[in-house]
Amino acid sequence: MRIPRVYLDLPLAVGQDIALPSAARQHIERVLRLKPGHPVIAFNGDGSQYAAELLGNGQARLLARETPERESPLPVRLIQGISKGERMDVTLQKATELGAARISPVTTSRSVVRLDEERAERRHGRWSGILQSACEQCGRNLIPRLDELKRLDMVLAEPDEGATRIVLAPEGACRLAELPRPASLTVLIGPEGGLSDEEIETALKYGYTAVRLGPRILRTETAGLALLAAAQTLWGDF
């Protein structure tokens, strides 16, 4: 059986006995029906993981610190126009699995979702949980950085020194494989309905290159993931 992985938002050290979060405890004890002595893996997002064993009563003991390398050699920042409900959830989950190092949710002129400050804060908490769960599943020990929700124009103006910047556009000037190998990559993906012509033009003024992924129009939840997978194949660890 695959060893369960548990994210813990606290400092970890070998020899420590820790209390499992309630959701993880229920999954381990009621769904997987694991008994005391069974191995588990704990991590807190600092890049390490800890071999542990269940003690019973929702406790586990940390036995050894491990540092497996599971991060892509290609740092990728995904600037994603927010989408409705499950579409955004899937994008965040799969982008984590595909090795994105940083995710920047943005609002655009065609964004269907509009969030006030309070709702944006709640949504950010939900999105953080999705990234943590995705890391539990895929084996990453570094959780992608999740930026606060901002307007696209604010994010485009941020310095991004050294990164190759691309914006996905159906009328893009080139294909991904035609770009030189990047040291790091920033990818801009629009929401449902895509980016406006004005937004694409603004991105180009800030040094982005318009790239196309074949002759077909991709949904927002498909586009970023397809591009991430292609980039990992060309320059990453696929």
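Nothing here was measured: the structure is a model prediction, and the numbers come from that model.

Chemist: Can you tell me about the overall build of the protein, naming the residues and giving the values?
Modeler: From N to C terminus, the protein includes 6 helices and 13 strands. Among the 238 residues that make up the protein, the fraction classed as buried is 46%. Across the protein, every contact between residues at least 6 apart in sequence was considered, and the portion connecting residues at least 24 apart equals 72%. The protein carries 31 positive and 31 negative side-chain charges, and their two centres are separated by 4 Å.

Chemist: Tell me about the sheet that holds strand β5 (residues 59-66), and please be specific about residues and values.
Modeler: The strands that make up a sheet pair up through hydrogen bonds in the backbone, lying either parallel or antiparallel. In spatial order, the strands read β1-β3-β4-β5-β2; together these 5 strands make up an open sheet with mixed pairing. If you trace the sheet from one side to the other, it starts and ends with β1 (5-7) and β2 (17-19), each paired once. Each strand of the sheet is rotated relative to its neighbour by a mean of 40 degrees, with strand direction disregarded. Sheet topology places strand β3 (residues 39-43) next to strand β4 (residues 49-56); 4 bridges connect them, and they run antiparallel. Bridging from a neighbouring strand, P39 pairs with E53 of β4. Along the sheet face, helix α3 (residues 117-138) touches β1 and β3 and points at about 155 degrees away from the line of β1.

Chemist: Before we move on, could you go through the nonpolar core and cite the residues and values that matter?
Modeler: Ranked by internal contacts, the top residues of the largest apolar core, which has 32 residues, are I166, L176 and V187. Of all the secondary structure elements, the ones that give two or more residues to this core are β6 (76-81), α2 (85-97), α3, β10 (164-168), β12 (185-189) and α6 (220-235). Looking at which element gives the most residues to this core, the answer is α6, with 6 residues. Formed by 15 residues, the second largest nonpolar core is a distinct cluster that contains L12, A24, I28 and L34.

Chemist: Provide a residue-level description of the environment of F43, including the pertinent values.
Modeler: Secondary-structure assignment places F43 in strand β3. Spatially, the C-alpha atom of F43 lies 9.1 Å from that of L10, the residues being 33 residues apart in sequence. Apart from residues no more than four positions distant in its own chain, F43 is found in contact with R5, V6, Y7, L8, L12, S48, Q49, Q132, C135, E136, R140 and N141.

Chemist: With reference to specific residues and values, describe α2.
Modeler: The first and last C-alpha atoms of α2 sit 19 Å apart over 13 residues, in line with the 18 Å expected at 1.5 Å per residue. M88, D89, T91, L92, A95 and T96 are the residues of α2 that are buried. Burial along α2 is one-sided: seen end-on, the buried residues are contained in an arc of 160 degrees. Each element contacted by the buried residues of α2 is listed here: β6, β7 (102-107), α3 and α6. Among the residues trailing α2, G99 stands out with phi positive, at a value near 95 degrees.

Chemist: Residues and numbers for the side chain of E221, please.
Modeler: Its location among the elements puts E221 in helix α6. Excluding residues that lie within four positions of it along the chain, E221 makes contacts with R87 and T91.

Chemist: Can you break down the packing of aromatic side chains residue by residue, with the values?
Modeler: Tallied over the full model, the rule gives 1 aromatic pair. Its guanidinium or amino end placed over the ring of F43, R5 lies 4.4 Å from that ring's centre, counting from NZ or CZ.

Chemist: Would you mind going over unusual backbone geometry in detail, with residue names and values included?
Modeler: Its identity is not glycine, yet R33 carries a phi of approximately 55 degrees, on the positive side. In this structure, R33 sits in the loop between α1 (22-31) and β3. Not every positive phi belongs to a glycine, and N57 is a case in point at roughly 55 degrees. With respect to the secondary-structure elements, N57 resides in the loop between β4 and β5.

Chemist: Tell me what's going on with the packing of α2 against α3, and back it up with residues and numbers.
Modeler: Across the interface, α2 lies against α3 with an axial gap of 9 Å and an inter-helix angle of 40 degrees. In terms of orientation, α2 and α3 fall into the oblique class. Read as a crossing pair, α2 and α3 show a hand that is right-handed. Along the contact surface, α2 presents M88, D89, L92, Q93, T96 and E97, while α3 presents R126, W127, I130, L131, A134, C135, Q137 and C138. Across the contact of α2 with α3, the residue classes tally to 8 nonpolar, 3 polar and 3 charged.

Thresholds applied
Residues numbered from 1 in each chain as written. Predicted model: local features only at pLDDT ≥ 70, side-chain atom pairs only at ≥ 80, totals over all residues. Heavy atoms only, no water. Helix = DSSP H or I, 4+ residues; strand = E, 2+ residues; numbered from the N terminus. Buried < 20%, exposed > 50% of the residue type's maximum accessible area, 1.4 Å probe, protein only. Contact = heavy atoms within 4.5 Å. Lys, Arg positive; Asp, Glu negative; His and termini not counted. Charge placed at Lys NZ, Arg CZ, Asp CG, Glu CD. Pairing = 2+ DSSP bridges. Axes fitted to C-alpha atoms, helices over the stretch in contact; angles between N-to-C directions. Core = buried A, V, L, I, M, F, W, Y, C linked by side-chain atoms within 4.5 Å. Expected span 1.5 Å × (residues − 1). Arc of directions from axis to C-beta. Phe/Tyr/Trp six-rings, centres within 6.5 Å; stacked < 30°, edge-to-face > 60°. Lys NZ or Arg CZ within 6 Å of the ring centre and 35° of its normal. Parallel < 35°, antiparallel > 145°, perpendicular 65-115°, else oblique. Left-handed = near helix turned anticlockwise from the far one by under 90°. Nonpolar A, V, L, I, M, F, W, Y, C, P; charged D, E, K, R; others polar.

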